[in-house]
Amino acid sequence: MVNRFTSVTTALTLKVVGIICILSFFVDFLILLLPFQPTDRVWQINLGTALVDRGIVPLVGLGLLFAAYWIENADPASDRPQGIDLRFPAAIISSILGLMFLLIFPLHLNNVNQAKAQTLNRITQEAAQAETQLDTRLSQLQAQLNTEQGKAQLDQLRNQTKAQFSEILKDDQKYKQAIESPQIPANIKELLKKAKTNPQVLDKAIEQQTDVQTLQTQQLSQVRQRRDDALQQAKDTAWKSGLRIGISSLLLSIGYIIIGWTSLRGSGAVQGGKPRTAAR
């Protein structure tokens, strides 16, 4: 009596948990469809990613549901499963989900590749625009420095910068504080160390830092480095997303199709909730 009660309770518990898992997935699915934008590639990518991330939930639910019926059928005191037999609709749902995840696999890869191409093109265009703007600003600066007033301002800036560095280099306490300060950039500390032993290094560094051509080269290098980093990040993100979602959706598809087709084929051997026995 106790074993009978335990098997019935276990089967009922598995059914309830399995049905809740399946229904919760479809509730999430309906919510994820809103707002409905089927022509938006980003919406398609986000939907496919969200569905695959939640795809294991109904798979577990189906497993629990079929396990519940297996427990009922294994009980010799049970004439038939309790309540409505949900194995056939569960097999249909499993087959549909298998087809859905099978379609997500190529669709997601295609969307990710197209989105990656658009992102790379946008990054390249923004970098080219930034280089053009930089060339324009530096050309204007060069024209300004070619005037007498501009040359005087540049000389004044160089003298002020040299005086600030010289003041630090002459005072050992200030020099030590500057070298140990975490707020001073590493390149400035390196310059101070070199200028401490060779003062001519300071003059050369100040001249280079205030030279328009050198400034243009440095800033162009920074723009191109940021462009290369952004391009590489976009490629890595697309590659990881395509690989993770693609493989996961393919595995989910295989699992759902196996469960669905196996259950549908086995349903012909089920009659009245119990396996048919051969006629004697």
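Residues numbered from 1 in each chain as written. Predicted model: local features only at pLDDT ≥ 70, side-chain atom pairs only at ≥ 80, totals over all residues. Heavy atoms only, no water.

Peer 1: Is there a simple way to explain the overall build of the protein chain in this structure?
Peer 2: Tallying secondary structure elements over the protein chain gives nine helices and two strands in all. The contacts in the protein chain between residues at least 6 apart in sequence include a share of 76% that link residues at least 24 apart. (Helix = DSSP H or I, 4+ residues; strand = E, 2+ residues; numbered from the N terminus. Contact = heavy atoms within 4.5 Å.)

Peer 1: When you look at the confidence of the model for the protein chain in this model, what are you seeing that I'm missing?
Peer 2: Low pLDDT means the predicted atomic positions in that stretch should not be read closely. Residues at a pLDDT of 70 or more form 84% of the protein chain, whose mean pLDDT is 82. The lowest-confidence element of the protein chain is strand β1 (residues 270-271), averaging 42 in pLDDT; the highest-confidence one is helix α2 (residues 41-54), averaging 94. Here residues 269-280 scores under 50 on pLDDT; set against residues more than four positions off or in separate chains, the count is 19 contacts. (pLDDT = per-residue confidence, 0-100.)

Peer 1: Even after reading the chapter, I still don't get a nonpolar patch on the surface, so can you show me in this structure?
Peer 2: Taken together, Leu99, Leu102, Leu103, Trp239, Leu243, Ile247, Leu250, Leu251, Ile254 and Ile258 make up a surface patch of nonpolar side chains, about 970 Å² in accessible area. At the level of elements, α4 (87-145) and α9 (212-266) are the ones that each hand at least two residues to the nonpolar patch. Structurally, the position occupied by Ile258 is in helix α9. (Patch = residues over 30% accessible without salt bridge, like charges linked within 9 Å, V, L, I, M, F, W, Y side chains within 5 Å. Areas by Shrake-Rupley, 256 points an atom, 1.4 Å probe, with all protein chains shown as cover. Salt bridge = Lys/Arg side-chain N within 4 Å of Asp/Glu carboxyl O.)

Peer 1: Just checking my understanding: could you explain unusual backbone geometry for this structure?
Peer 2: Backbone geometry follows two general trends: most residues other than glycine have a negative phi, and most peptide bonds adopt the trans configuration. The residue after Leu34, namely Pro35, is reached through a cis peptide bond having omega -10°. Mapping Pro35 onto the fold places it in the loop between α1 (2-32) and α2.

Peer 1: Can you help me understand helix α7 (residues 186-197) in this one?
Peer 2: Three or four residues apart is the spacing at which side chains of an α-helix point the same way, because the helix has 3.6 residues per turn. Between its terminal C-alpha atoms α7 stretches 18 Å, which fits the 16 Å expected from 12 residues at 1.5 Å a residue. Restricting attention to buried positions, one finds in α7 the residues Lys189, Leu191, Leu192 and Ala195. Down the axis, α7 shows its buried residues gathered within 160° of arc, on one side only. When the buried face of α7 is taken as reference, the exposed residues oriented beyond 90 degrees from it are Ala186, Asn187 and Thr197. (Expected span 1.5 Å × (residues − 1). Buried < 20%, exposed > 50% of the residue type's maximum accessible area, 1.4 Å probe, protein only. Arc of directions from axis to C-beta.)

Peer 1: Mind showing me how you'd approach the environment of Phe165 here?
Peer 2: Examined against the element boundaries, Phe165 turns out to sit in helix α5 (residues 148-170). Here Phe165 falls in the buried class, since its relative accessible area comes to 14%. Placed 27 residues apart in sequence, Phe165 and Leu192 show a C-alpha to C-alpha distance of 7.6 Å.

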